[in-house]
Every structure is written in structure tokens, then in C-alpha cells.
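What follows is the residue order along each chain.
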Amino acid sequence: MGAKRPEAKLVKAADMMIARRADTRARADFATWKMIAKLNGASSLSAEAQTFLTSYNALLKEMSEGEATEATIREMYKTYYAQMGGGGAPPEVRTGPSEPVTDNVTAFRRPPPVEPKRPAMSAGGKQLPVALIFACLVVVYVGIRYFLR
């Protein structure tokens, strides 16, 4: 019989799939929550999201933004991995982003109001008033009724 592999190194394929999904979800959720918080909508987030954002803000006081982001995402990943049914300790999925994290989110600004366009003028220069058109339709209707009797 061959030597046994250490249990810590052995990761099932199903657990690795769960780990990838948990990591992807953690990164997407954190980016979304961070954007919502920047747009002053943090009060509408779930209690879990608010807890993670609070821990992120606490980490920002101790370390750089990139390190705080990765630390928060790792905590979210561990939570999601357990929620999705992963067995044991969550495996390492990635070491972190290869390039520095930059935010491209700006505060919401309401666009200036757009005035409605006026309909184009007809070739004659003036449009027929609605009352005149209605009167012409009445005359045509009465004429048709008169001639069909």
C-alpha cells in the first residue's frame, strides 16, 4: 500500500467548485455593497452586508484599502463557503488581484432636466388648430350620413 496523503491537502472537486462560487459571490457582493454605500444607500442593505461593511471600515483604520478589501472578502468567502455546504476549512482559491484595486464609482448626480422637443412645423408654416380639425371631421361625418340616406 502507498503512503497516505495528508488530509489538509486533499480537496474534493465538489468543494473546489463551491469554493470558486463562494469566492466569486463574495467579490461581487462586496463590490456591490461598497458601491451602494458610496451612493448613500447602506441603510437599505441586509444586516449581514452592513456587518461586513462595518468590519471593512474598521480594517481601513488599521491597513491600506487593498488589504482591508481582501481581508473582508476572505471573511465573506469563509461565510459563503460554509453556507453553500462546503466541507471543512475553505480551500485557498486565489491569492488576490494581480493589479491594485481602484474604484470607479462616483456619487450620483441628477442629470439636468431636458426640455421636451416641440413638433416640427408643417410646410405651410402653421399647424392646424385641433378645433378646426375636429370641425372638419364633423362636417365629413355629417356629409357621409346625409348622402347615404
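That block above? That's the structure.
Residues numbered from 1 in each chain as written. Predicted model: local features only at pLDDT ≥ 70, side-chain atom pairs only at ≥ 80, totals over all residues. Heavy atoms only, no water.

Re helix α1 (residues 13-38)
In this model α1 runs 38 Å from its N-terminal to its C-terminal C-alpha over 26 residues, within 8% of the 38 Å that 1.5 Å per residue would give. Where α1 is concerned, the buried positions are D15, I18, A19, A22, D23, A26, R27, D29, F30, W33 and K34. The inward-facing, buried residues of α1 contact α2 (47-60) and α3 (65-83). (Helix = DSSP H or I, 4+ residues; strand = E, 2+ residues; numbered from the N terminus. Expected span 1.5 Å × (residues − 1). Buried < 20%, exposed > 50% of the residue type's maximum accessible area, 1.4 Å probe, protein only. Contact = heavy atoms within 4.5 Å.)

What to know about the nonpolar core
Ranked by size, the top nonpolar core spans 19 residues in total, and within it A26, F30, W33, M76 and Y80 carry the most contacts. Here the element with the most residues in this core is α3; it accounts for seven residues. For M76, the residues in contact, after removing those within four places along its chain, are A26, D29, F30, W33 and F52. (Core = buried A, V, L, I, M, F, W, Y, C linked by side-chain atoms within 4.5 Å.)

With respect to α3
For α3, with 19 residues, the first-to-last C-alpha span of 27 Å sits near the 27 Å given by 1.5 Å per residue. Just past α3, the residue G85 takes up positive phi, approximately 95°.

Some points on unusual backbone geometry
Positive phi values are uncommon outside glycine, yet N40 reaches one of about 60°. You can see N40 is positioned in the loop between α1 and α2.

A look at the packing of aromatic side chains
Here the structure, examined in full by the defined rule, presents four aromatic pairs. The interplanar angle of 15° and the centroid separation of 6.2 Å between the aromatic rings of W33 and F52 together place this pair among those described as stacked. Residue W33 is located in helix α1, and its partner F52 is located in helix α2; the two are separated by 19 residues in the primary sequence. Taken as a pair, W33 and F52 share a single burial class, namely buried. (Phe/Tyr/Trp six-rings, centres within 6.5 Å; stacked < 30°, edge-to-face > 60°.)

A look at a nonpolar patch on the surface
Where nonpolar side chains cluster on the molecular surface, the patch consists of F134, V138, Y141 and V142 and spans about 420 Å² of accessible area. Here V138 lies in helix α4 (residues 130-147). For V138, a relative accessible area of 38% gives the class partly exposed. (Patch = residues over 30% accessible without salt bridge, like charges linked within 9 Å, V, L, I, M, F, W, Y side chains within 5 Å. Areas by Shrake-Rupley, 256 points an atom, 1.4 Å probe, with all protein chains shown as cover. Salt bridge = Lys/Arg side-chain N within 4 Å of Asp/Glu carboxyl O.)

Describing the packing of α1 against α3
Packing of α1 against α3 brings their axes to within 8 Å, and their N-to-C directions diverge by 130°. Here α3 runs oblique to α1, going by the angle between their axes. Note that α1 runs across α3; the crossing there is right-handed. Here D15, I18, A19, A22, D23, R25, A26, R27, D29, F30, W33 and K34 of α1 come into contact with α3, specifically with E65, T69, E70, T72, I73, M76, Y77, Y80, Y81 and Q83. Here the residues of the contact of α1 with α3 sort into 11 nonpolar, three polar and eight charged. (Axes fitted to C-alpha atoms, helices over the stretch in contact; angles between N-to-C directions. Parallel < 35°, antiparallel > 145°, perpendicular 65-115°, else oblique. Left-handed = near helix turned anticlockwise from the far one by under 90°. Nonpolar A, V, L, I, M, F, W, Y, C, P; charged D, E, K, R; others polar.)

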